[in-house]
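Read off the chains here:
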Amino acid sequence: MTPSTELREGLAALRAEVAKAVVGQDAAVTGLVIALLCRGHVLLEGVPGVAKTLLVRTLSAALDLDTKRVQFTPDLMPGDVTGSLVYDASTAQFSFREGPVFTNLLLADEINRTPPKTQASLLEAMEERQVSVDGLPKPLPDPFLVIATQNPVEYEGTYPLPEAQLDRFLLKLTLPLPERDHEIEVMRRHSQGFDPRDLAAAGLRPVSDAHQLARARAEVAQVQISDEVLGYAVDVCRATRQSPSLSLGVSPRGGTALLATSRAWAWLSGRGYVTPDDIKALAHPTLRHRVQLRAEAELEGVTAESVLDTVLAAVPVPR
């Protein structure tokens, strides 16, 4: 299978369009494109002010997809996300009023600020792509993607996501503080009148749509992976379960996620097959949120990133 140049150029144009509003977050933009190709959900983590919300809004504007935003707060209820039954006095019956989850791209802003009961309302939607109402399933639109943001430095009044929900996210992307040159460019754009609340004035326009994404996903599904590379991905996941620094390693679901993201990365690179380097390139964003550190390792300064570095260095690479 040879990846379509037309489709790859279309997604490259998507990244260029996002760059009109977001400066210096190329890795995060690429991660979001991979998630779109894999129909997976994304957890964005970064300190306040690094353009997490702006990145999602810009992506939706460049994709011409229906988008809704939910600000997660301590008093948010599950029905505020999925929808609820409403009594209609004229018909004396209950009717279902759809919640914001019925969209193509749902921005779950500061998802760790709402209690576990409301966080769990997204579990069925993320895994089954449906919402059950009064025992009846209601399918969500296709494509459906949850992009959740969270702040890693402020823990007061937050509710950390449980492992079961973290495992539903295909990727965890971290947005670092920008480099000096990028920060100067941000300041320059604002001094020239850039308004992050008015993306149309910044010249953003749709450069792709759901149809092109569906065609691209069909090509990604045809990317080949040899038994040797497949075994390498499995060995990487199994090695995390044997790490003395971890109390929880990567599950088989994590292995299938690594396979999916590696195939998407290979396709974006213009190849119809996966290499061990593709596995290595996507191991950190795909697996970092699927492992849990032991308390003593955390006290010693060990991080999920360092554990994954050790695992990737120790697992033999097929030749």
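These numbers were taken from a predicted model, which means no experiment stands behind them. (Residues numbered from 1 in each chain as written. Predicted model: local features only at pLDDT ≥ 70, side-chain atom pairs only at ≥ 80, totals over all residues. Heavy atoms only, no water.)

Some details on a nonpolar patch on the surface
- A cluster of nonpolar side chains, contributed by L85, Y87 and F94, occupies part of the molecular surface with about 350 Å² of accessible area.
- For L85, the position within the fold is in strand β3 (residues 83–88).
- What makes L85 partly exposed here is its relative accessible area of 42%. (Patch = residues over 30% accessible without salt bridge, like charges linked within 9 Å, V, L, I, M, F, W, Y side chains within 5 Å. Areas by Shrake-Rupley, 256 points an atom, 1.4 Å probe, with all protein chains shown as cover. Salt bridge = Lys/Arg side-chain N within 4 Å of Asp/Glu carboxyl O. Helix = DSSP H or I, 4+ residues; strand = E, 2+ residues; numbered from the N terminus. Buried < 20%, exposed > 50% of the residue type's maximum accessible area, 1.4 Å probe, protein only.)

Remarks on the layout of surface pockets
- Empty space within the largest pocket amounts to approximately 970 Å³.
- Around the largest pocket, the lining comprises 32 residues; the ones closest to its centre are E45, L166, K172, R288 and V291.
- For the lining of the largest pocket, the elements supplying multiple residues, two or more each, are β1 (41–45), α7 (163–166), β9 (169–174), β11 (292–293) and α14 (304–314).
- Here the lining of the largest pocket gets 3 residues from one element, more than from any other, and that element is α7.
- A volume near 400 Å³ is recorded for the second largest pocket.
- For the second largest pocket, the lining is made up of 18 residues, of which G49, A51, L54, V186 and H190 are closest to its centre.
- Those elements that place two or more of their residues in the lining of the second largest pocket are α3 (52–63) and α8 (180–191).
- The element best represented in the lining of the second largest pocket is α8, accounting for 4 residues.
- Grouping the amino acids of the lining of the second largest pocket by side-chain chemistry returns 11 nonpolar, 3 polar and 4 charged. (1 Å grid on protein atoms, 1.4 Å probe; cavity = no way out; pocket = protein on both sides within 12 Å on 5 of 7 lines; lining within 4 Å. Points joined across faces, edges and corners; volume = space filled by probe spheres on them. Nonpolar A, V, L, I, M, F, W, Y, C, P; charged D, E, K, R; others polar.)

Description of the side chain of T82
- Position of T82 relative to the elements: it lies in helix α4 (residues 79–82).
- Sequence-distant contacts of T82, defined by excluding residues within four places in its chain, comprise F96, E98, G99, V101, F102, S121 and V131. (Contact = heavy atoms within 4.5 Å.)

Examining helix α9 (residues 210–220)
- Along α9, the residues classified as buried are L213, A216, R217, E219 and V220. Burial along α9 is one-sided: seen end-on, the buried residues are contained in an arc of 160°.
- Tucked inside the fold, the buried residues of α9 contact α1 (5–18), α2 (26–38), α3 and α11 (252–268).
- In this structure D209 caps α9, since a side-chain oxygen of it lies 3.2 Å from the backbone nitrogen of H211. (Arc of directions from axis to C-beta. Polar contact = N/O pair within 3.5 Å; in protein donor to acceptor, adjacent residues only side chain to side chain.)

Focus: α14
- Within the sequence span of α14, burial applies to A304, V307, L308, V311 and L312. Burial along α14 is one-sided: seen end-on, the buried residues are contained in an arc of 135°. Residues T310, A313 and A314 are exposed on α14 and point more than 90 degrees away from its buried face.

Considerations on the pairing of strand β5 (residues 105–109)
- When you tally the buried positions in β5, you get 5 out of 5 residues, the bulk of the element.
- Burial of the side chains of β5 extends over both faces: L105, L107 and D109 are buried on one face and L106 and A108 on the other.
- Of the pairings in the sheet, the one linking strand β2 (residues 67–71) to β5 comprises 5 bridges and is parallel in character. Within β5, the residue paired with Q71 across the bridge is D109.
- With 4 bridges joining them, β5 and strand β8 (residues 145–150) adopt parallel strand pairing. Looking at β8, one finds that L105 is bridged to L145. (Pairing = 2+ DSSP bridges.)

Describing empty space enclosed by the protein
- Taken as a whole and assessed by the stated rule, the structure comprises 2 cavities of 30 Å³ or more.
- Its volume calculated, the largest cavity comes out at about 50 Å³.
- Lining of the largest cavity is provided by E6, L7, G10, L11, S208, Q212, L213 and A216.
- Counting residues per element, the lining of the largest cavity draws most heavily on α1, at 4 residues.
- Of the residues that constitute the lining of the largest cavity, the class distribution is 4 nonpolar, 3 polar and 1 charged.
- Put simply, the second largest cavity is a space of about 30 Å³.
- As for the second largest cavity, its lining consists of A35, L36, R39, G40, P143, F144, L145 and R217.

Re the pairing of strand β4 (residues 93–98)
- The buried fraction of β4 is low, at 0 of 6 residues.
- For β3 and β4, the ladder comprises 6 bridges, and the chain directions are antiparallel. The residue bridging Y87 from the neighbouring strand is F94, located in β4.
- Count of turn residues in the β3/β4 antiparallel hairpin: 4 residues, of which A92 carries a positive phi of about 60°.

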